[in-house]
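Architecture at a glance
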Amino acid sequence: MRLLFYSSVFLILYGSLYPFDFSLNALTDTGIERFLYTWSLFSSRGDELGNIALFIPYGFLGILSLGSRRNLTPAIIALIIFGFILAAWLQVLQLMLPSRDAAIGDVFWNIAGIAAGIAMALPRRVREAVLHQSVGQSQLIAVLFLGCWLIGAPALFVPSLDLQSFKDSIKPLWQSSSFSMLALLRDSVAWIVIAYIAIRSFSPRTAWPLVVLAMCGTLLAKIVIVNNTLTPADVAAMPLALTGALVLGKQGSRQPITLIWLLAGYLVVSGLSPFNFHTAQVFHWIPFTGSLSGSMLLNLKALAAKAFFIGALIYLALDYGFTLKRTATVLAASLLALEIAQVWVGTHTPEITDAILVLFIASAFLALLGAGTRHSPSNTAGDAADHTADRQRDRIKPVPTLSRACLIARGFIPVPADLCCWYWQQSP
């Protein structure tokens, strides 16, 4: 949890200071005066939600990183004070970024995100469920997957009570031009995967009602949540997915490999659509280039959906019997090749983000599975043996070539190199 907490701080720094084009010429008297005296709490809804969402993991993981201690009041005060200092200094640093718009009002929304994250992690049941795995690894993974998909599909943020807004949300149902085969493929594959994970994580009596409830809730959310529309593909994908899940359920042990091919096929089709060739465009080596420009709300939805599909591929590969190291290596290389192909094909932004995202998600799987092993009930002698094994596993493997490569890489790109080397040395 401490590693995840520090990672959240790093992502806050990365997201706030991107694209790192610092310039002292941007520090003008007019800009500083506007920053200090002419600011407002309210800008755009997307920016406000983005500033809140950016700091929710900070508060949530900050509480979980404290373990099971009872008196959390001093830690909460320290988290809020440090979070305030961090948010304020980031706004000051943004004054030297010509491409960013610094605003004191953003600090308020950052503090609101910290408070929301702390409130989510404060109940004892939540901390026990995450820290001691009382809900089970598979159930926790299933909930995380469903959460990513719900954020990526309807973006559960701000509901509306406007009747006209409801009418506008369902208008595309009667418009033939709004039907998309790519959207139908995406939603069908996603719901089949969710059904499979739910059945693997819960009993069938619980899993099927949960999946149907999630489907109906998603349709309803697309009507009542602002900036969402209900399309024919959304409605058609759900019965198609239920039928597909029932048919694939008869394959037994071959079911994961079929789902892997379905997911891989969708990623290739969506990554290269609409299959139009054009002159070569620039490949972006800075991670999250496409996610840190434009609408933060749309970018968050796209990133959550991407995390869902990548995480689902890793989950299915592990369930089929592949090792985590081999799965992550092949998947990262394949997605990198797909992004390179986007330089000439399709309309997407070619970047290294997907390969980096694979490493992050694989590391999360590794941390979660490791935590589940350490917290499993056993006798004292077994606990001592497991603790010794954990300590031996945490040591750097004696592979001279790999160790030398890690040392060289850390000299040029320290943070990504540390993450890659740590994952490679820890994973089975």
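Criteria and thresholds
Numbers given to residues run from 1 along each chain, matching the order in which its sequence is written. Only residues with pLDDT of at least 70 are given local features in this predicted model, and only at 80 or more are side-chain atom pairs given and counted; all residues enter the totals for whole chains, interfaces and linings. As a convention, hydrogens and water are excluded, and side-chain values are obtained from all of the structure's heavy atoms. A run of H or I in DSSP counts as a helix once it spans at least four residues, and a run of E counts as a strand once it spans at least two, with each numbered from the N terminus. With residues, only the protein chains shown are counted as cover, and all accessible areas are computed by Shrake-Rupley using a 1.4 Å probe. Each residue is assigned to one of three classes by its accessible area relative to the maximum for its type, calculated with a 1.4 Å probe on protein chains only: buried under 20%, partly exposed between the two thresholds, exposed over 50%. Here, expected helix span is obtained from the residue count minus one, scaled by 1.5 Å. Working rule for contacts: check all heavy atoms of both residues, and any pair within 4.5 Å makes them a contact. Axes here mean lines fitted to C-alpha atoms, for a helix over just the part in contact, with angles spanning 0 to 180 degrees between N-to-C directions. Reported orientations rely on four angle classes, namely roughly parallel under 35 degrees, roughly antiparallel over 145, roughly perpendicular from 65 to 115, and oblique for the rest. Handedness of a helix crossing follows the sense of rotation of the near helix relative to the far helix, less than a right angle counterclockwise being left-handed and clockwise being right-handed. For this analysis, a nonpolar core means a set of buried residues of the types Ala, Val, Leu, Ile, Met, Phe, Trp, Tyr and Cys, connected via side-chain atoms within 4.5 Å. Any Lys or Arg side-chain nitrogen located within 4 Å of an Asp or Glu carboxyl oxygen qualifies as a salt bridge. Following the grouping adopted for this structure description, the nonpolar residues are Ala, Val, Leu, Ile, Met, Phe, Trp, Tyr, Cys and Pro, the charged ones are Asp, Glu, Lys and Arg, and the polar ones are all others, Gly among them. Between rings of Phe, Tyr and Trp, where Trp is taken as its six-membered ring, a pair exists when centres lie within 6.5 Å; planes separated by under 30 degrees are stacked, by over 60 edge-to-face, and by other angles tilted.

Of the regular secondary structure elements, the chain holds 18 helices and zero strands. Summed over all atoms, the accessible surface of the chain reaches about 22800 Å², with 68% contributed by carbon and sulfur.

Moving on to the environment of Ser7. By secondary structure assignment, the location of Ser7 is in helix H1 (residues 2–17). On the basis of relative accessibility, which here comes to 24%, the residue Ser7 falls in the partly exposed class. Separated by 54 residues in the primary sequence, Ser7 and Leu61 have C-alpha atoms spaced 9.7 Å apart.

The terminal C-alpha atoms of helix H11 (residues 232–248), which comprises 17 residues, lie 24 Å apart, in line with the 24 Å expected from a rise of 1.5 Å per residue. Where H11 is concerned, the buried positions are Pro232, Ala233, Asp234, Ala237, Met238, Ala241, Gly244, Ala245 and Leu248. On its buried side, H11 packs onto helix H9 (181–201), helix H10 (204–224) and helix H12 (255–272).

H11 packs onto H9 with a crossing angle of 45 degrees between their chain directions and a minimal axis gap of 8 Å. Judged by the angle between their axes, H9 and H11 are oblique. H11 is crossed by H9, and the crossing has right-handed handedness. For the pair H9 and H11, contact is made by Ala183, Leu184, Asp187, Ser188, Trp191, Ile192 and Ala195 and by Ala233, Asp234, Ala236, Ala237, Met238, Leu240, Ala241, Gly244, Ala245 and Leu248, respectively.

Within the largest apolar cluster, 60 residues are counted, with the highest numbers of intra-cluster contacts made by Trp191, Leu263, Phe308, Phe309, Ile310 and Ile314. Only helix H7 (137–152), H9, H10, H11, H12, helix H13 (296–320), helix H14 (324–341) and helix H15 (353–374) provide two or more residues apiece to this core. Among residues more than four places away in sequence, those in contact with Ile314 are Leu324, Thr327, Leu331, Val358, Ile361, Ala362 and Phe365. In terms of nonpolar packing, the next biggest core, distinct from the first, is built from 21 residues, Val9, Tyr58, Phe60 and Ala121 among them.

Turning our attention to unusual backbone geometry. Working note: non-glycine residues mostly have negative phi, and peptide bonds are mostly trans. A cis geometry characterises the amide bond from Ser273 onward to Pro274, with omega recorded as 5 degrees. Mapping Pro274 onto the fold places it in the loop between H12 and H13. Unlike most non-glycine residues, Phe275 shows phi in positive territory, near 60 degrees. Within the secondary structure layout, Phe275 lies in the loop between H12 and H13.

Right, let's talk about the pattern of salt bridges for a bit. Under the defined criterion, the tally for this structure stands at three salt bridges. Here Asp319 makes a salt bridge to Arg200, at a shortest N to O gap of 2.6 Å. Of this pair, Asp319 sits in helix H13 while Arg200 sits in helix H9, and the two are 119 residues apart along the sequence. Among the residues examined, Asp319 registers a relative accessible area of 26% and is labelled partly exposed. As a salt-bridge pair, Asp354 and Lys306 come within 3.1 Å of each other at their nearest N and O atoms. Linking Asp354 in helix H15 with Lys306 in helix H13, this pair joins segments that are 48 residues apart in sequence. Judged by relative accessible area, which is 7%, Asp354 ranks as buried. Under the relative-accessibility criterion, Lys306 is labelled partly exposed at 26%.

Moving on, we come to the packing of helix H4 (residues 73–94) against helix H5 (residues 105–121). Where H4 meets H5, the closest approach of the two axes is 9 Å, and the angle between their N-to-C directions is 150 degrees. Accordingly, the angle class assigned to the pair H4 and H5 is roughly antiparallel. Regarding H4 and H5, the two cross each other, and that crossing is right-handed. Contacts between H4 and H5 pair Ile76, Ile80, Gly83, Phe84, Ala87, Ala88 and Gln91 from the former with Asp106, Val107, Asn110, Ile111, Ile114 and Ile118 from the latter. Its residues assigned to classes, the contact of H4 with H5 comprises nine nonpolar, three polar and one charged.

Moving on to the environment of Ala305. Its location among the elements puts Ala305 in helix H13. Sequence separation between Ala305 and Leu150 is 155 residues; the distance between their C-alpha atoms is 8.6 Å.

This part is about the packing of aromatic side chains. Under the criterion given, the structure shown has nine aromatic pairs. Seen from their ring centres, Phe5 and Tyr58 are 5.3 Å apart, and the 40 degrees between their planes marks the pair as tilted. One end of the pair, Phe5, is in helix H1; the other, Tyr58, is in helix H3 (residues 45–64), with 53 residues separating them in the sequence. The class for Phe5 is buried, based on a relative accessible area of 12%. Centroid distance Phe108 to Trp109: 5.1 Å. Interplanar angle 75 degrees. Geometry classified as edge-to-face. Judged by relative accessible area, Trp109 falls into the buried class, the value being 13%. Taken together, the ring pairs connect Phe5, Tyr6, Phe55, Tyr58 and Phe82 into an aromatic cluster.

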